[in-house]
Amino acid sequence: MVIKPKIRGFICTNAHPEGCAENVQRQIKYVQQQPALASAPKRVLVIGSSTGYGLATRIVAAFSGQAQTLGVCFEKEPTEKRTGTAGWYNTAAFHQAAEKASLYAKTINGDAFSDELKDQVIAAIKADLGQVDLVVYSLASPKRKDPESGEVFSSTLKPIGKQYTTKTYDTDKDKVHDITLEPANDDEIYNTVKVMGGEDWGRWIKALHAAGVLAADCKTTAYTYIGKQLTWPIYGHATIGKAKEDLDRAAAALRHQYQDINLSAYVSSLKALVTQASSAIPVMPLYISLMYGVMKEEGTHEGCIEQAYRLLTEGLYHPAPSLDDAHRLRMDGKETNDATQAKIETLWHQVTQDNFHELADYKQYHQDFLNLFGFGFENVDYDKDVDPRVKW
Ligand code: NAD
């Protein structure tokens, strides 16, 4: 099959196996060019391991720290007629590279919110690793089935308290326009916290601890985005922000509850980047395109892999990491500092349909977006017939 990108709105509905492998290879190459992790975790569980920040963290743990990694993801297997999802191909490429490097890697594909999946992971840890030293929680999902009640909760991306009108960029129509977002009601806030808050992270740690598979001095982290004024109305102070606040509650509870194994639980704040999750959030494509331009000019531009590498070296495995008031590891300072934000804000107020492509680095945004699905790599032959049925 010859595979070309099929873009529908903010999502690409297919993926290229060789391009996804290239994406994984480039990230592996990056970490191999950095100094190896000094005090690295040796057995790592990554929940949400197939794309974005979870994949990057897994790559750093394995290829910089030589860790054995167990991944969890929710991806679609390819058929003869339909490609798999990007996360499927990324995982296949990760496994291939890990095997070549004689590194243990196993990935379990299924619903991480379910108890059955947690049981499968515990069985795999007991059989293959004994215990784990690091649990990374990097899920981004629009819905979650509560394993106790069976109820399915859906998240919403809405402001809280009052209507909010702002600029956005429609990637599909190449248009900068105003959007008005209606405020969320209490149910929508509650449901978003149910999906993206700390409840499931807590359930994971509880199940792993009860099974005796968390090593002494184990660490765990979940990821958040905090941002600044420009994104607060739709992110930080919105429904998703409430869910992220709940991660702070969960982290404090985990630190308190699992003192017997000296568990360190952190929320890590990462910078805004193009991932499958962030491209679905109104305002983000415009904000990120402007931010890319500013940060590239400042020489501070980073992708998932650079962030994940710094998180492990300067944060999680640093002997004295700097924490903010809420005990969070902050990897987002190069984006959220006042000087950088002021530059982005100036552009934000100037940007219109006519000057968008001059003021914003949409080229980089679009390139990153295509790369997520394995497209847009100059060294991949997209006219070649490829078999989509890649296995792992
Ligand atoms: P992503 O969409 O690239 O990755 C999500 C991962 O979750 C994938 O591996 C997917 O397979 C997995 N997943 C989703 N639902 C699942 C389920 N039910 N069961 C098992 N696996 C499932 O997302 P991302 O942008 O890398 O986000 C990961 C985390 O990082 C999120 O908490 C997000 O809020 C946070 N974060 C993202 C950004 C950003 O700009 N993208 C910035 C800061 C923090």
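Residues numbered from 1 in each chain as written. Predicted model: local features only at pLDDT ≥ 70, side-chain atom pairs only at ≥ 80, totals over all residues. Heavy atoms only, no water.

As recorded in an unreviewed UniProt entry, the protein goes by the name Enoyl-[acyl-carrier-protein] reductase [NADH], listed as coming from Aliidiomarina maris.

A.B. asks: So what's going on with the site of the ligand? Which residues, and what values?
C.D. replies: Around the ligand there are 30 residues in total, and Ser50, Tyr53, Glu75, Ala112 and Thr275 lie nearest to it. For the ligand, an oxygen atom lies 2.6 Å from a polar atom in the side chain of Ser50. In the environment of the ligand, an oxygen atom lies 3.3 Å from a nitrogen or oxygen atom belonging to the backbone of Leu139. Mapped by element, the contributors of at least two residues to the shell around the ligand are helix 2 (52–63) and strand 11 (214–224). Taken together, the residues of the shell around the ligand sort by class into 14 nonpolar, twelve polar and four charged. (Near = heavy atom within 4 Å. Polar contact = N/O pair within 3.5 Å; in protein donor to acceptor, adjacent residues only side chain to side chain. Helix = DSSP H or I, 4+ residues; strand = E, 2+ residues; numbered from the N terminus. Nonpolar A, V, L, I, M, F, W, Y, C, P; charged D, E, K, R; others polar.)

A.B. asks: A description of the environment of Gly48 should follow, citing residues and the corresponding values.
C.D. replies: Assignment of secondary structure puts Gly48 in the loop between strand 3 (43–47) and helix 2. We classify Gly48 as buried; its relative accessible area is 11%. For Gly48 and Leu139, which are 91 residues apart along the polypeptide, the C-alpha to C-alpha distance reads 4.7 Å. (Buried < 20%, exposed > 50% of the residue type's maximum accessible area, 1.4 Å probe, protein only.)

A.B. asks: Could you give an account of the pairing of strand 10 (residues 175–181), with specific residues and numbers?
C.D. replies: Of the pairings in the sheet, the one linking strand 9 (residues 164–170) to strand 10 comprises seven bridges and is antiparallel in character. Bridged to Tyr164 within strand 10 is Leu181. Taking the residues that link successive antiparallel strands as the turn, the strand 9-strand 10 hairpin has four residues, and the phi of Asp174 there is positive, at about 50°. (Pairing = 2+ DSSP bridges.)

A.B. asks: Can you break down the UniProt feature "domain: Enoyl reductase FAD binding" (unreviewed entry) in the protein residue by residue, with the values?
C.D. replies: Per the UniProt annotation, the sites labelled "domain: Enoyl reductase FAD binding" (unreviewed entry) are residues 323–386. Taken end to end, residues 323–386 has its terminal C-alpha atoms 47 Å apart, with 50% of it in helix and 3% in strand. (UniProt positions renumbered as here; feature names shortened; annotations may be inferred.)

A.B. asks: I'd like a description of the pattern of salt bridges, backed by residues and values.
C.D. replies: Within this structure, the stated rule accounts for 28 salt bridges. Residue Lys194 pairs with Glu199 through a salt bridge whose shortest N-O separation is 3.0 Å. A relative accessible area of 11% means that Lys194 is categorised as buried. On the basis of relative accessible area, Glu199 is assigned to the partly exposed category, the value being 31%. The closest approach of N and O atoms between Lys334 and Glu302, which form a salt bridge, is 3.4 Å. Placement of Lys334 in helix 10 (residues 333–336) and of Glu302 in the loop between helix 8 (284–298) and helix 9 (304–316) is noted, with a sequence separation of 32 residues between them. Salt bridges sharing common partners tie together Asp248, Asp324, Arg328, Arg330 and Asp332. (Salt bridge = Lys/Arg side-chain N within 4 Å of Asp/Glu carboxyl O.)

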